[in-house]
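# Geometric and topological summary
Each chain, written out:
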Amino acid sequence: MTAQLHLGVFYTGVGPQFLWDDPSNADHTAIETYVSVAQTLERGLFDAFFLGEGLRVRENRGQVHALDVAGRPDAITQLSALAGATTKIGLVATQNTTYNYPADLARRLASLDYVSGGRAGWNIVTTDNAWTGANFRHGGWLAHERRYERATQFVEAAKALWTGPVEADTDLVRLRAEPTVSPSPQGRPVLFQAGDSPGGRELAARHADVVFSANTAYDKAAAYAADLRDRLARHGRPADAVRILPGASVVLGDTPTDAAERAEEIRRRQINPQRAIAFLEQYWGQDLSAFDPHGPLPDVEPAEGELDPSRGTISIEHRTGKLERIQQWRELAEAKNLSIHQLVQEVEPRHHSFVGTPAQVADEWARYAADRVVDGFNLTPHLVPGTIDEVVDRLVPELQDRGVYRTEYTGTTLREHLELP
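Residues numbered from 1 in each chain as written. Predicted model: local features only at pLDDT ≥ 70, side-chain atom pairs only at ≥ 80, totals over all residues. Heavy atoms only, no water.

The name given to the protein in an unreviewed UniProt entry is LLM class flavin-dependent oxidoreductase, with the source organism recorded as Amycolatopsis albidoflavus. Looking at the Sequence similarities (unreviewed entry) heading of the UniProt record, one finds this comment for the protein: "Belongs to the NtaA/SnaA/DszA monooxygenase family." (UniProt positions renumbered as here; feature names shortened; annotations may be inferred.)

Here it is, written out as structure tokens:
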């Protein structure tokens, strides 16, 4: 039997891939947009509508990030509304194990699963940034290296609570609770895990049903799949116990040239002048808003002090050797006569995208499926609803013609859609 691809869409709350200023975008937080997108995905026979969560507006160097978006509704509340507007598609809520309580979150997720008839999923994430912690009683209390310890204890408690009374008394999770919501037709919510660090991979191998990986390019996807399956074996789980759905950006065109030109235009617009300045501020460690993004690189030296990464600065591994990197950028900008905006467009890392005609992308995805390096993709649209409409109307029929995508739903629960035990 030909391997079947499973598809979801990550409906982002924030993200550098999204073209926020495009006039074709619908109101991103309006319930009408959520409903319309979910119904389009259901028409396209997608497995899941995957909703990001934002507990607080992000920071950049300890200040509110001007490029973030405010006013995102609670994910479980929003998906509960979609449960009544759809009949088949899975509804996946990103929910944080660092700043929630196991009994409360397990109950709310079980409620979503129950009211949707067994279509709920939980995308398990952790957080160590200080601005999110400021919204909660404990503040930013949990050390970075302990996030996945708490997440593991948290998930174990939630899974136990979905089957019966539970009493947990660990150093990071304490509770005595009984379930208050009847099981759904799929038994419990499907567990998604989106971390790619060693701790995240280990949590996925122990507890996840689906992983949302950043390893999309073929070689990286193959290496990730091999690593995850080795970890599954060490935990006594079969190799096919987890579905691997890396994030995927798709740009379609009528011809290969058309698609390539569209992809370059999208990248140019994603790295807009504001974002270019914010990118350099991470390395300079100071406010650069007075500099013209269309002018030369800042003629000041980077600040000596370093903010903790939890306040919205660059990670430790990227800070290493930053003076040498800045000098390399100065030399590159001088050699090519690049402005700040042009330089950042050139040096910011490119993430793998699928670019081509619908037939070309379908052929590439069919190869991924046949080689079992992925089980599908979680799409990250750059336009809503434009990107989603294109995929459903142009790419899905090509996948169906190749026998790698369903032509109808054969079940009613998210677990059935994903062909999970």
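### Here we look at the packing of helix H2 (residues 75-83) against helix H3 (residues 102-115)
Orientation of H2 relative to H3, taken along the N-to-C sense of each, is 15°, at an axis distance of 9 Å. Between H2 and H3, the interaxial angle falls into the category roughly parallel. Pair H2 / H3 crosses with left-handed handedness. On H3, the residues touching Ile76, Leu79, Ser80 and Ala83 of H2 are Leu105, Arg108, Leu109, Leu112 and Val115. (Axes fitted to C-alpha atoms, helices over the stretch in contact; angles between N-to-C directions. Helix = DSSP H or I, 4+ residues; strand = E, 2+ residues; numbered from the N terminus. Parallel < 35°, antiparallel > 145°, perpendicular 65-115°, else oblique. Left-handed = near helix turned anticlockwise from the far one by under 90°. Contact = heavy atoms within 4.5 Å.)

### Some remarks on the packing of aromatic side chains
In the structure shown here, the tally under the stated rule is 19 aromatic pairs. A ring pair is formed by Tyr34 and Phe49, whose centres lie 6.3 Å apart and whose planes are at 50°; its orientation type is tilted. Residue Tyr34 is located in helix H1 (residues 31-43), and its partner Phe49 is located in strand E2 (residues 48-51); the two are separated by 15 residues in the primary sequence. Judged on exposure class, the residue Tyr34 and its partner Phe49 are both buried. Counting every residue linked through ring pairs, the aromatic cluster contains Tyr218, Phe354, Trp365, Tyr368 and Phe377. (Phe/Tyr/Trp six-rings, centres within 6.5 Å; stacked < 30°, edge-to-face > 60°. Buried < 20%, exposed > 50% of the residue type's maximum accessible area, 1.4 Å probe, protein only.)

### Quick look at the side chain of His28
Assignment of secondary structure puts His28 in the loop between strand E1 (6-11) and H1. Overall, the relative accessible area of 9% leaves His28 in the buried class. Excluding anything up to four places from it in sequence, His28 contacts Tyr11, Thr12, Phe18, Trp20, Tyr34 and Val384.

### Focus on the sheet that holds strand E9 (residues 190-193)
Backbone-to-backbone hydrogen bonds join strands into a sheet, with any given pair of strands oriented parallel or antiparallel. Here ten strands make up an open sheet; going across it, the order is E11-E10-E9-E6-E5-E2-E1-E14-E12-E13 and the pairing parallel. With partners counted over all chains shown, the strands left at the sheet margins are strand E11 (243-244) and strand E13 (353-356), one partner each. Here four bridges tie strand E6 (residues 120-125) to E9, and the two strands are oriented parallel to one another. Counterpart to Ile124 in the pairing with E9 is Gln193. Against the sheet, H3 contacts strand E5 (90-96) and E6, and its axis sits at roughly 150° relative to E6. Against the sheet, helix H13 (residues 358-371) makes contact with E1, strand E12 (247-252), E13 and strand E14 (376-379), and its axis sits at roughly 140° relative to E13, the strand it touches most. (Pairing = 2+ DSSP bridges.)

### Section: the environment of Thr152
Tracing the backbone through its elements, the reader meets Thr152 in helix H5 (residues 147-161). Among the residues examined, Thr152 registers a relative accessible area of 12% and is labelled buried. The sequence separation of Thr152 and Asp363 amounts to 211 residues, and the corresponding C-alpha distance is 38 Å.

### Thoughts on the pattern of salt bridges
Evaluated as defined, the whole model comprises 27 salt bridges. For Asp169, the salt bridge is made with Arg174, and the minimal N-O distance between the two is 3.1 Å. Among the residues examined, Arg174 registers a relative accessible area of 59% and is labelled exposed. For the salt bridge of Arg402 with Glu398, the shortest nitrogen-to-oxygen distance reads 2.8 Å. Judged by its relative accessible area of 23%, Glu398 falls in the partly exposed class. Put simply, Asp196, Arg201, Glu202, Asp227 and Arg231 are held in one network by salt bridges that share partners. (Salt bridge = Lys/Arg side-chain N within 4 Å of Asp/Glu carboxyl O.)

### Some words on the environment of Trp131
Along the polypeptide, Trp131 turns up in helix H4 (residues 130-133). Since its relative accessible area comes to 9%, Trp131 is described here as buried. Between the C-alpha atom of Trp131 and that of Gly52, which follows or precedes it by 79 residues, the distance is 17 Å.

### Some points on the nonpolar core
Among the nonpolar cores identified, the biggest contains 71 residues, and Phe46, Phe49, Trp122, Trp365 and Phe377 are the most heavily contacted of them. Tallying contributions element by element places H5 first for this core, with seven residues. Excluding anything up to four places from it in sequence, Phe46 contacts Leu7, Gly8, Val9, Leu41, Ile89, Leu379, Val391, Val392, Val396, Tyr405, Arg406 and Tyr409. The next biggest cluster of nonpolar side chains, apart from the first, holds 16 residues, and it includes Ala276, Leu280, Leu338 and Ile340. (Core = buried A, V, L, I, M, F, W, Y, C linked by side-chain atoms within 4.5 Å.)

### Examining the pairing of strand E8 (residues 174-177)
Of the two faces of E8, only one is covered, namely that formed by Leu175 and Ala177; the face formed by Arg174 and Arg176 stays uncovered. What sits between strand E7 (residues 166-169) and E8 in their antiparallel hairpin is a turn of four residues.

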